[in-house]
Amino acid sequence: MQPTFVKKLSERYRYSLILLKELVITDFKLRYQGSILGYLWSLLKPLMIFLIMYVVFLKFLRFDFGVPHPTVYLFAGIITWNFFSETTGNALSSIVGKGDLLRKINFPKYVIVLASSLNALINLLLNFVVLAIFMVLDGVHFGPELLWIVPIVVELYVFSLALGFVLGTMFVRPRHMTQLTCAPPSLSVK
């Protein structure tokens, strides 16, 4: 009996998948370790930005953007931009940030960038739960067209990951790349 294509792939990349899973879990746990609010920070950040933009654009300047539910569109734009920014920023500094691990253990280097992007994807999915609550409160009708979110998120993830791979490799030598992106400066190495 011949093994299937998926089984062959899983056997070939078994070590990488195990390492990827452990890196994602560890990074997710360590990200908010020691903070009082923990994961709530990643939910509060887009909500605070939304609140400011809501007051400025929808209440003060009275822009309605010509869409039926502007608050939902505004919040969806904020969380997708935060995802893109987090993915590229984390990928930019991930290789340098895990340099000690790379020097000690021999494993595929792409796993580090992939793990940082998966953490951003987890945050995006959790923020989509908050977006769904916004949609219910704003009276948005849930129809089959909502399924378009899946290919859009996949496309955004692939684009962000590809850009993250490019930026991550570029950041290994010239460390001034953090000034050009949204990467957290605390992860840059001097």
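The following refers to the structure shown. No experiment lies behind these values; they were computed from the predicted model shown.

**So, the layout of surface pockets**
Gaps left between atoms show up when a probe the size of a water molecule is rolled over them.
Okay, step 1: Estimates place the volume of the largest pocket at around 640 Å³.
Okay, step 2: Lining the largest pocket are 22 residues, and of these Val72, Leu131, Met135, Leu146 and Ile149 sit closest to its centre.
Okay, step 3: Looking at the lining of the largest pocket residue by residue, the class counts come to 16 nonpolar, 5 polar and 1 charged.

**Here we look at the nonpolar core**
Okay, step 1: Ranked by size, the top nonpolar core spans 34 residues in total, and within it Phe75 and Leu131 carry the most contacts.
Okay, step 2: Contributing elements (two or more residues each) for this core: α2 (14-31), α3 (40-60), α4 (70-97), α6 (110-138) and α7 (149-170).
Okay, step 3: Sequence-distant contacts of Phe75, defined by excluding residues within four places in its chain, comprise Pro46, Leu47, Phe50, Asn127, Val130, Leu131 and Phe134.

**Regarding the side chain of Asn127**
Okay, step 1: Looking at the secondary structure, you find Asn127 in helix α6.
Okay, step 2: Under the relative-accessibility criterion, Asn127 is labelled buried at 6%.
Okay, step 3: With near-sequence residues (within four places) excluded, Asn127 lies in contact with Tyr39, Ser42, Leu43, Pro46, Phe75 and Ile79.

**Some details on the pattern of salt bridges**
Okay, step 1: For the structure shown, the criterion picks out 2 salt bridges.
Okay, step 2: Of the charged contacts, one joins Asp27 and Lys98 as a salt bridge, the two residues approaching to 3.0 Å between their closest N and O atoms. Note that Asp27 is positioned in helix α2 and Lys98 in the loop between α4 and α5 (99-104), a separation of 71 residues in sequence.
Okay, step 3: The partly exposed category is assigned to Lys98, whose relative accessible area is 23%.
Okay, step 4: A salt bridge links Arg31 to Glu86; the nearest nitrogen and oxygen atoms lie 2.5 Å apart. In this pair, Arg31 sits in helix α2 while Glu86 sits in helix α4, placing the two residues 55 residues apart along the sequence.
Okay, step 5: According to the relative accessible area criterion, Arg31 is partly exposed, its value standing at 31%.
Okay, step 6: A relative accessible area of 17% means that Glu86 is categorised as buried.

**Some points on the packing of aromatic side chains**
Okay, step 1: Applying the stated criterion across every chain, the model contains 7 aromatic pairs.
Okay, step 2: Arranged with centres 5.7 Å apart and planes meeting at 85°, the rings of Phe50 and Phe75 form a pair that is edge-to-face. Remark: Phe75 occurs in helix α4 and Phe50 occurs in helix α3; sequence separation between them is 25 residues. For the pair formed by Phe50 and Phe75, the shared burial category is buried.
Okay, step 3: When the centroid spacing of 5.5 Å and the interplanar angle of 40° are considered together, the rings of Trp81 and Phe84 count as tilted.

**Brief notes about the environment of Tyr15**
Okay, step 1: With respect to the secondary-structure elements, Tyr15 resides in helix α2.
Okay, step 2: Separated by 93 residues in the primary sequence, Tyr15 and Pro108 place their C-alpha atoms 9.3 Å from one another.

**Notes on the environment of Gly77**
Okay, step 1: Within the secondary structure, Gly77 sits in helix α4.
Okay, step 2: Its relative accessible area of 35% is what places Gly77 among the partly exposed residues.
Okay, step 3: On a C-alpha basis, the gap between Gly77 and Phe50 in space is 9.5 Å, while along the polypeptide they are 27 residues apart.

**Observations concerning the packing of α3 against α6**
If you want to describe how two helices pack, look at the angle between their axes and the distance between the axes.
Okay, step 1: Between α3 and α6, whose axes approach to 10 Å, the crossing angle comes to 50°. Between α3 and α6, the interaxial angle falls into the category oblique. Between α3 and α6 lies a crossing whose hand is right-handed. Across from Ser42, Leu43, Pro46, Leu47 and Phe50 in α3, the residues of α6 making contact are Asn123, Leu126, Asn127, Val130 and Phe134.
Okay, step 2: Each residue belonging to the contact of α3 with α6 can be placed in one class, and the counts come to 7 nonpolar, 3 polar and no charged.

Calculation rules
Residues numbered from 1 in each chain as written. Predicted model: local features only at pLDDT ≥ 70, side-chain atom pairs only at ≥ 80, totals over all residues. Heavy atoms only, no water. 1 Å grid on protein atoms, 1.4 Å probe; cavity = no way out; pocket = protein on both sides within 12 Å on 5 of 7 lines; lining within 4 Å. Points joined across faces, edges and corners; volume = space filled by probe spheres on them. Nonpolar A, V, L, I, M, F, W, Y, C, P; charged D, E, K, R; others polar. Core = buried A, V, L, I, M, F, W, Y, C linked by side-chain atoms within 4.5 Å. Buried < 20%, exposed > 50% of the residue type's maximum accessible area, 1.4 Å probe, protein only. Helix = DSSP H or I, 4+ residues; strand = E, 2+ residues; numbered from the N terminus. Contact = heavy atoms within 4.5 Å. Salt bridge = Lys/Arg side-chain N within 4 Å of Asp/Glu carboxyl O. Phe/Tyr/Trp six-rings, centres within 6.5 Å; stacked < 30°, edge-to-face > 60°. Axes fitted to C-alpha atoms, helices over the stretch in contact; angles between N-to-C directions. Parallel < 35°, antiparallel > 145°, perpendicular 65-115°, else oblique. Left-handed = near helix turned anticlockwise from the far one by under 90°.

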